[in-house]
Amino acid sequence: SAYQRNNPTVLPDKNRVKVISHFMESRLSESSSIREAYERAERLKTEYGADGVFDFSIGNPTAPCPAGVKQALAQTLELSGPEIHGYMQDSGYGEVRQTVASSLNARFGSAYTADHIVMTTGAACALNVLMRTVLDPGDEVVVFDPCYPAYSVFAETFRAHLVRIPFDQQTMLPDLVALERALTDKTKMVLVNTPHNPTGLVYPRETAEGIVEALNAQCAQTGQEIMLVSDEPYRELVYDDAENPWWPALYKNTAVVYSWSKAASVAGERIGYLAVSPEVPDAELVLRGARRSLGELGFVNAPATAQRIACACANDTIDISYYDRNRLALYNGLVACGLSPLRGNGAFYLLLPAPDGNEAQFVERLAGEQIIAVAGASFGCPGYVRLSYCVSLETIENSLPHFAAVARVYSETEGNRS
């Protein structure tokens, strides 16, 4: 047609030229359960109003920001000028990195210097930068189910293979026997996350020691190095006197990726860091590669104002009692409804098993009561749904009669069977 002659990119379907990559085409064919649930909640809000929808889908922090956030923003306003908004060292401001290093050393007895810290655009940026630095095509990255769905995409981006370790059905913690069997001479990286998304569990010390023991045994057997990477965006969100492992003290070849998204309620500011332990083999080379990767992946450097927020919040976090109150209100409320939630002791997530094991039906029944949850299958735990309790206490309290209504459906169905 005349339109097609004047617009040569618009072609009949039979002649259509593929523009996107095969990789991206395959990605677009797969849905993001977290984003789908969030978008479903937004649609329901137009129908029932914001107060009539109970959106437990996405981990968007709601706890008040610590004072350091306001302090850093005030400093930016006071000093605002080109000199404080321009480029800096690719690894970030020296004073910010030194503040982070000093904070870690004081809290964990570490020996970081500013040079061991690379400021990044959140923890996901840090993880991608590290993977680009460490992984070769064909390397294996071990993760523990259930886990954050994006881990698989990050590994695929660098043509590495993701190896998933199943969880113990009773505890939801890693199956350490399965880990030992899964380690091979291709294992290059083991990725841990505690406090954990989606279970809300903190790995107990014996679990952490079991993981480290398996890695040490494999390294001794093969003579190859395996890097342990600790993904810690929920590090400060720990309850019931639980103690989160500090992995660099347990295993020498450890890198930590961190974000202030949850600890300071600044998820949209995208600020975090990569900390490479001084004991990592070739630590200086790894850090040089990370700094290079930061630029070559297009991040260039972490945002200047966000770095000032990070510096002010290095030892200043949200009041975790805000989320602990929500955790207990939701957990106890669900138990009272006749449901069987997993009692977590960290992060701000709760796993709830479908009463009959049918996760998809459970999601739909909850949505019928305007409750939005994320299907567990996308995390590697089918039969569960994830609830994010970083919402208002009022939302939790108002949702409980709706959870009870869903629970009654299952109770009545079971009664009819008997």
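Shown above is the structure to which this text applies.
Conventions used here
Residues numbered from 1 in each chain as written. Predicted model: local features only at pLDDT ≥ 70, side-chain atom pairs only at ≥ 80, totals over all residues. Heavy atoms only, no water. 1 Å grid on protein atoms, 1.4 Å probe; cavity = no way out; pocket = protein on both sides within 12 Å on 5 of 7 lines; lining within 4 Å. Points joined across faces, edges and corners; volume = space filled by probe spheres on them. Helix = DSSP H or I, 4+ residues; strand = E, 2+ residues; numbered from the N terminus. Nonpolar A, V, L, I, M, F, W, Y, C, P; charged D, E, K, R; others polar. Salt bridge = Lys/Arg side-chain N within 4 Å of Asp/Glu carboxyl O. Buried < 20%, exposed > 50% of the residue type's maximum accessible area, 1.4 Å probe, protein only. Pairing = 2+ DSSP bridges. Right-handed = clockwise from strand over helix to strand, strands pointing away. Axes fitted to C-alpha atoms, helices over the stretch in contact; angles between N-to-C directions. Contact = heavy atoms within 4.5 Å.

A. Summary view of the layout of surface pockets. Each pocket or cavity is described by its volume, and for the largest pocket that value is around 970 Å³. Lining the largest pocket are 36 residues, and of these Ile 34, Arg 35, Tyr 148, Ala 150 and Asn 197 sit closest to its centre. At the level of secondary structure, the elements contributing two or more residues to the lining of the largest pocket comprise α3 (33–48), α6 (122–134) and α7 (150–157). With six residues, the top contributor of residues to the lining of the largest pocket is α7. The residue makeup of the lining of the largest pocket, split by class, is 16 nonpolar, twelve polar and eight charged. In this structure, the second largest pocket occupies an estimated 350 Å³ of space. Lys 45, Val 53, Asp 55, Val 391 and Thr 395 are, among the 20 residues lining the second largest pocket, the residues nearest its centre. Secondary structure elements with two or more residues in the lining of the second largest pocket: α3, β1 (54–55) and α14 (393–417). Partitioning the lining of the second largest pocket into residue classes produces eight nonpolar, seven polar and five charged.

B. Seen up close, the pattern of salt bridges. For the coordinates displayed, the defined rule picks out 15 salt bridges. The closest approach of N and O atoms between Glu 236 and Arg 107, which form a salt bridge, is 3.0 Å. Residue Glu 236 is located in the loop between β6 (227–231) and β7 (254–259), and its partner Arg 107 is located in helix α5 (residues 94–108); the two are separated by 129 residues in the primary sequence. Residue class for Glu 236 comes out buried when judged on its relative accessible area of 14%. When the shortest N-O distance is used, the salt bridge between Arg 235 and Glu 232 registers 2.7 Å. For Glu 232, a relative accessible area of 1% corresponds to the buried category. A cluster of three or more residues bridged by salt bridges with shared partners is formed by Arg 107, Glu 232, Arg 235 and Glu 236.

C. Broad picture of the pairing of strand β4 (residues 161–165). Relative to β4, strand β3 (residues 140–144) runs parallel, the two sharing five bridges. Residue pairing in the sheet places Val 141 in a bridge with Leu 162 of β4. Each parallel crossover has a hand, and the one from β3 via α7 to β4 is right-handed.

D. Quick peek at empty space enclosed by the protein. Tallied over the entire structure, the rule returns three cavities of 30 Å³ or more. Looking at the largest cavity, its volume works out to about 80 Å³. For the largest cavity, the lining is made up of 13 residues, of which Ser 103, Arg 107, Arg 235, Trp 260 and Ala 314 are closest to its centre. Sort the elements by how many residues they give to the lining of the largest cavity and α5 lands first, with four residues.

E. Expanded view of the sheet that holds strand β8 (residues 272–276). The strand order β2-β8-β7-β6-β5-β3-β4 describes an open sheet built from seven strands, whose pairing is mixed. Single-partner strands in this sheet number two, and they are β2 (117–120) and β4. Taken over all neighbouring pairs, the strand axes of this sheet differ in orientation by 20 degrees on average, direction set aside. Contacts from helix α10 (residues 283–296) reach β2, β6 and β8 within the one sheet, and its direction differs from that of β2 by about 20 degrees.

Functional significance is not addressed by these values, which are geometric in nature.
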